[in-house]
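Here's the letter readout for the chains.
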Amino acid sequence: MHPEFDLSPDLVHLNHAGVGPWPRRAAAAVAAFVAENAARGSLGYPAWISTEQSLRRRLADLIGAPTPADIALAKSTSEGLSVVAYGLDWRPGDNLVGIAQEFPSNRVLWESLAPLGVEYRQLDLDACSARGTDPEADLLALCDQRTRLIAISWVQYARGLRLDLERLSAGCRTRGILLGLDAIQGLGALPFDLTQTPVDFLAADGHKWLLGPEGLALLYVRPGLREGLRLHQYGWHMLEHRGDFERRDWTPAADAQRFECGSPNLLGAHGLEASLAVLQEVGLEAVQTAIEDRVTHLVGRIDSAGYTLLSPRQSERRAGIVTFAVPGAAPGRLYAGLMARQVLCAQRGGGVRFSPHFYTPMADLDRAMDLVAEIARQGA
């Protein structure tokens, strides 16, 4: 186990695609913040804001944004995506393109635009696979002259399909279409760089692969798009002259804080800043390599046992998610059996989803797969 993690030895944590554990450093940062607040109130507020600004710098570095001023802090991926969805100037007859097998945050949101006359065209990944076509070509083929946006998850939440963002980005730029990204299942597991893969907006919570607290998310909106988005939330924190409380005239901030209407989540900021420090010290390339090693190991165990791999087999099509089914064992029973034996996982995509991180011991993977076999035998 990596020294930054202190998980109970009776627990196998394979649910980073759900909620990840905090590193020791994040837990210590939050505990210190709580203790200081309880003992000294807000006396240390300037230092707290310094930590928040450090978090913005780390998030900008994480995605290759030019400056921390490009980073907005939202409550969740859903809130970040909603800021954009209801900020765009839709016209009746416009459409956007996405994927049918999306997590609700990146599906229901776009379906909710139907009363505005906006059509949401959804690619069925299962049909795409049956045809033997690739999802990038099929997504672009759904576009026409009224397509304003392709909105997708970088990594699909249930079975872990990773999309080719460079190809989609190039296709959208050629067609004059916006590209929006739900990056929650990719950031923290894979490197990302806006200079290599331009997107128009990106949102991701910090509580999965970024190993931070819930309730705090990254929102990036391309500067050229920022001021064109209609605002629906207002307050003191989104003003250009925030802090000048007696000022009567006001304008929204020019930077990304225009999307933050109220006081920041400073407790969450202390935790996420510390978690990002750990990931960035390890290096995202090293994190990606370590995760791929663990995913490859799991796939090997799945194949050798004769189970059904539901996740992509090609390494370039996957990140940290491995979903599989066991012939003759209902996914719900298998999931319940694993959870009862302290293997944290999820039931998704017609099977059981494992999602190890860079620090997950290989022995834990073998322990989990041995328990899968045991549960399957008991149900035979």
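As the structure is a prediction and not an experimental result, all values here were calculated from the model.

Draft legend 1. Representation of the overall build of the protein chain in the model. If you tally the helices and strands in the protein chain, you get twelve helices and 13 strands. For the protein chain, the C-alpha radius of gyration of 22 Å lies close to 21 Å, the compact-globule estimate for 380 residues. For the protein chain, the spread of C-alpha atoms along the principal axes amounts to about 75 × 60 × 35 Å. Counting only residues that meet the buried cut, the protein chain has 53% of its 380 residues in that class. Contacts spanning at least 24 positions in sequence make up 69% of the contacts within the protein chain whose residues lie at least 6 apart. Total accessible area on the protein chain is roughly 15,700 Å²; 52% of this is exposed by carbon and sulfur atoms.

Draft legend 2. The environment of His297, seen in detail. Its location among the elements puts His297 in helix H10 (residues 284-305). The spacing of His297 and Met362 is 65 residues in sequence and 8.1 Å in space, taken between C-alpha atoms. If sequence neighbours within four positions are ignored, His297 has contacts with Met362, Leu365 and Asp366.

Draft legend 3. Focus on the sheet that holds strand S10 (residues 322-325). Taking strand neighbours across the sheet as the criterion, the four strands line up as S9-S10-S13-S12 in an open arrangement whose pairing is antiparallel. Single-partner strands in this sheet number two, and they are strand S9 (308-309) and strand S12 (346-348). Two elements, S12 and strand S13 (residues 351-354), share three bridges in a ladder whose sense is antiparallel. Looking at the pairing, Arg348 lines up with Gly351 of S13. Here H10 sits on the sheet in contact with S9, S10 and S13, set at roughly 10° to S10. Lying on the sheet, helix H11 (residues 331-340) is in contact with S10, S12 and S13; it crosses S13 at an angle near 40°.

Draft legend 4. How the structure looks around the pattern of salt bridges. Under the defined criterion, the tally for this structure stands at 27 salt bridges. For Arg226, the salt bridge identified is with Asp70, shortest N-O distance 3.0 Å. Of this pair, Arg226 sits in helix H8 (residues 223-226) while Asp70 sits in the loop between helix H2 (45-63) and strand S2 (71-74), and the two are 156 residues apart along the sequence. In terms of burial, Arg226 and Asp70 fall into one category: buried.

Draft legend 5. The sheet that holds strand S3 (residues 95-99), seen in detail. Strand order in the open sheet formed by seven strands is S2-S8-S7-S6-S5-S3-S4, and the pairing between neighbours is mixed. Where the open sheet ends on each side, the last strands, each with one partner, are S2 and strand S4 (119-123). This sheet shows a mean twist of 20° between the axes of neighbouring strands, independent of strand direction. Bridging between strand S5 (residues 147-153) and strand S6 (residues 178-182) involves five bridges; their strand directions are parallel. Residue Ser153 lies in a different strand from S6, and its bridge partner there is Asp182. In this fold H2 packs onto S2, strand S7 (201-205) and strand S8 (217-221), with an angle of close to 115° to the strand it touches most, S2.

Draft legend 6. Expanded view of the side chain of Thr360. Looking at the secondary structure, you find Thr360 in the loop between S13 and helix H12 (362-379). A distance of 2.9 Å separates the side chain of Thr360 from the backbone nitrogen of His357, its partner in a polar contact. When neighbours within four sequence positions are excluded, Thr360 is seen to be in contact with His13, Leu14, His16, Arg294 and Leu365.

Draft legend 7. Representation of the packing of aromatic side chains within the structure. Under the criterion given, the structure shown has twelve aromatic pairs. Ring centres 5.9 Å apart and planes at 70° place the aromatic pair Tyr234 and Trp250 in the edge-to-face group. A residue pair is termed long-range when its members are at least 10 positions apart, and Tyr234 in the loop between H8 and helix H9 (266-282) and Trp250 in the loop between H8 and H9 qualify at 16 residues. Measuring from ring centre to ring centre gives 5.2 Å for Phe324 and Phe354, while their planes differ by 75°; the resulting arrangement is edge-to-face. Placement of Phe324 in strand S10 and of Phe354 in strand S13 is noted, with a sequence separation of 30 residues between them. Here the two residues Phe324 and Phe354 agree in accessibility, since each one is buried. The rings of Phe5, Phe358 and Tyr359 are connected pair by pair, giving a single aromatic cluster.

The rules behind the values
Residues numbered from 1 in each chain as written. Predicted model: local features only at pLDDT ≥ 70, side-chain atom pairs only at ≥ 80, totals over all residues. Heavy atoms only, no water. Helix = DSSP H or I, 4+ residues; strand = E, 2+ residues; numbered from the N terminus. Rg over C-alpha atoms; globule rule 2.2 N^0.38 Å. Buried < 20%, exposed > 50% of the residue type's maximum accessible area, 1.4 Å probe, protein only. Contact = heavy atoms within 4.5 Å. Areas by Shrake-Rupley, 256 points an atom, 1.4 Å probe, with all protein chains shown as cover. Pairing = 2+ DSSP bridges. Axes fitted to C-alpha atoms, helices over the stretch in contact; angles between N-to-C directions. Salt bridge = Lys/Arg side-chain N within 4 Å of Asp/Glu carboxyl O. Polar contact = N/O pair within 3.5 Å; in protein donor to acceptor, adjacent residues only side chain to side chain. Phe/Tyr/Trp six-rings, centres within 6.5 Å; stacked < 30°, edge-to-face > 60°.

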